[in-house]
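Coordinates in review
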Amino acid sequence: MEGLDERKTKILKAIIETYLETGEPVGSRTISKYTDLHLSSATIRNEMSDLEELGYILQPHTSAGRIPSDKGYRFYVDNLIAEKNQEISEMQNFVIEHTEKMEQVLKRAAKLLAYQTEYAAMITGPQYHHNKIKFIQLSKVEEGQLLCVIVLEGNFVKNKMLAIEEELGSEQLLKLNILLNTSLNGLSMEQINLGMIATLKEQAGIHSKIVGDVLDAVAQAAGEDEDLQVYTSGATNIFKYPELSDSEKASEFISAFEEKKMLAEMITDKLEDGKPETGIQVYIGDESPIKTMKDCSVVTATYELGEGITGTIGIIGPKRMDYEKVLHNLKNLKKQLDVIYHKNNKTPSG
């Protein structure tokens, strides 16, 4: 908006956020400690005078600090919403682009693994264990409704429409956003206890129901499981081994392998008890969780692409498989995925 350069914008933002937090008029000395501009109180006073002339802040009493005007609140809210929308858009685009890249990498890796080992190979896509809250944004969309955007660890974005009984003004909505983010950012659901919830609702006052609805939406988003993607290759390699080439056995094996549902269930069952093992797991014969693979050996390894992001690599072949060769290939692929991921996994600025 006219008359607001970067310095004035930062000072106005500091005045508004300080006032929202304290409810008291804000002086230049407070702002000099608050901002990262490293300006003197005299310079800040001059900027505040300009902001007052432009109508963004008011001085309620002579020699008192300043408080935001309606025009100031409107500028702050519009800019805050624009910033958050940009952040969400960047994260969504990043996740989509990153997921597409990883799909291509994993498909090629499964094919290469099957070729190198001459067995059947599978790789699951990375699972994001999104439990920590990155930020929450409430926005008005129409009368009686709020859009709640929740961003969790791993840049998992979830939208939820909330019905509200009372209308919220810009300042009230802003205060709720600041309250929720100040209190909840960086926390996991396990860290949000009943005492914290009670305090949040008390601070929200008449809008305590909205806080409760937001927390319910966060809990639901954190508890949702994404569909596990399984990439496979080399199913027909089993025909090279007489003990597996029997038509009935081969048919059952290929059916289970290509359907992928059983493979996904096997991986899910293996991971659901606490933190997944990152070492090598070997299932021989009847130890295999999949009955149609009781004549096979299944060797798996969990790869880690970052905090809370894991996947599984698996080799399926005869019980007389070359275990040394399989282990060597699994370890090499784990290293390669780590290198590829960290080369491409550059989060968007924000």
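Residues numbered from 1 in each chain as written. Predicted model: local features only at pLDDT ≥ 70, side-chain atom pairs only at ≥ 80, totals over all residues. Heavy atoms only, no water.

Regarding helix H5 (residues 170–184)
Along its 15 residues, H5 runs 21 Å from first to last C-alpha, staying within 8% of the 21 Å computed at 1.5 Å per residue. Of the residues flanking the end of H5, it is Gly186, one or two places downstream, whose phi is positive at about 85°. (Helix = DSSP H or I, 4+ residues; strand = E, 2+ residues; numbered from the N terminus. Expected span 1.5 Å × (residues − 1).)

Remarks on the environment of Ile280
Along the chain, the position of Ile280 falls in strand E9 (residues 280–284). Here Ile280 falls in the partly exposed class, since its relative accessible area comes to 29%. Separated by 47 residues in sequence, Ile280 and Leu327 place their C-alpha atoms 7.9 Å apart. Sequence-distant contacts of Ile280, that is, excluding residues within four places in its chain, are made with Val299, Thr300, Ala301, Leu327 and Leu330. (Buried < 20%, exposed > 50% of the residue type's maximum accessible area, 1.4 Å probe, protein only. Contact = heavy atoms within 4.5 Å.)

Some remarks on unusual backbone geometry
Note on backbone geometry: most residues besides glycine have negative phi, and most peptide bonds are trans. In this model, Glu118 sits at a positive phi of 65°, which is unusual for a non-glycine residue. Relative to the assigned elements, Glu118 resides in the loop between helix H4 (70–117) and strand E3 (120–124). Judged by its relative accessible area of 35%, Glu118 is partly exposed.

Let's talk about the pattern of salt bridges
Under the counting rule described, the total for this entry stands at 10 salt bridges. For Lys8, the salt bridge goes to Asp50, with nearest N and O atoms at 3.6 Å. Of the two residues, Lys8 sits in helix H1 (residues 6–22) while Asp50 sits in helix H3 (residues 41–53), which places them 42 residues apart along the sequence. Residue classification places Lys8 among the buried residues on the basis of a relative accessible area of 10%. Among the residues examined, Asp50 registers a relative accessible area of 30% and is labelled partly exposed. Linked through salt bridges whose partners overlap, the residues forming this network are Arg7, Lys8, Glu47 and Asp50. (Salt bridge = Lys/Arg side-chain N within 4 Å of Asp/Glu carboxyl O.)

Considering the sheet that holds strand E7 (residues 156–163)
Pairing in this open sheet of three strands is antiparallel, and the strands run E5-E6-E7 from one edge to the other. Edge strands, defined here as strands with exactly one partner in the open sheet, are strand E5 (133–142) and E7. Each adjacent strand pair in this sheet contributes to an overall mean axis angle of 20°, direction not counted. Note: E5 against strand E6 (residues 145–152), eight bridges, orientation antiparallel. Each bridged residue has a counterpart across the sheet, and for Phe135 the counterpart in E6 is Val151. (Pairing = 2+ DSSP bridges. Axes fitted to C-alpha atoms, helices over the stretch in contact; angles between N-to-C directions.)

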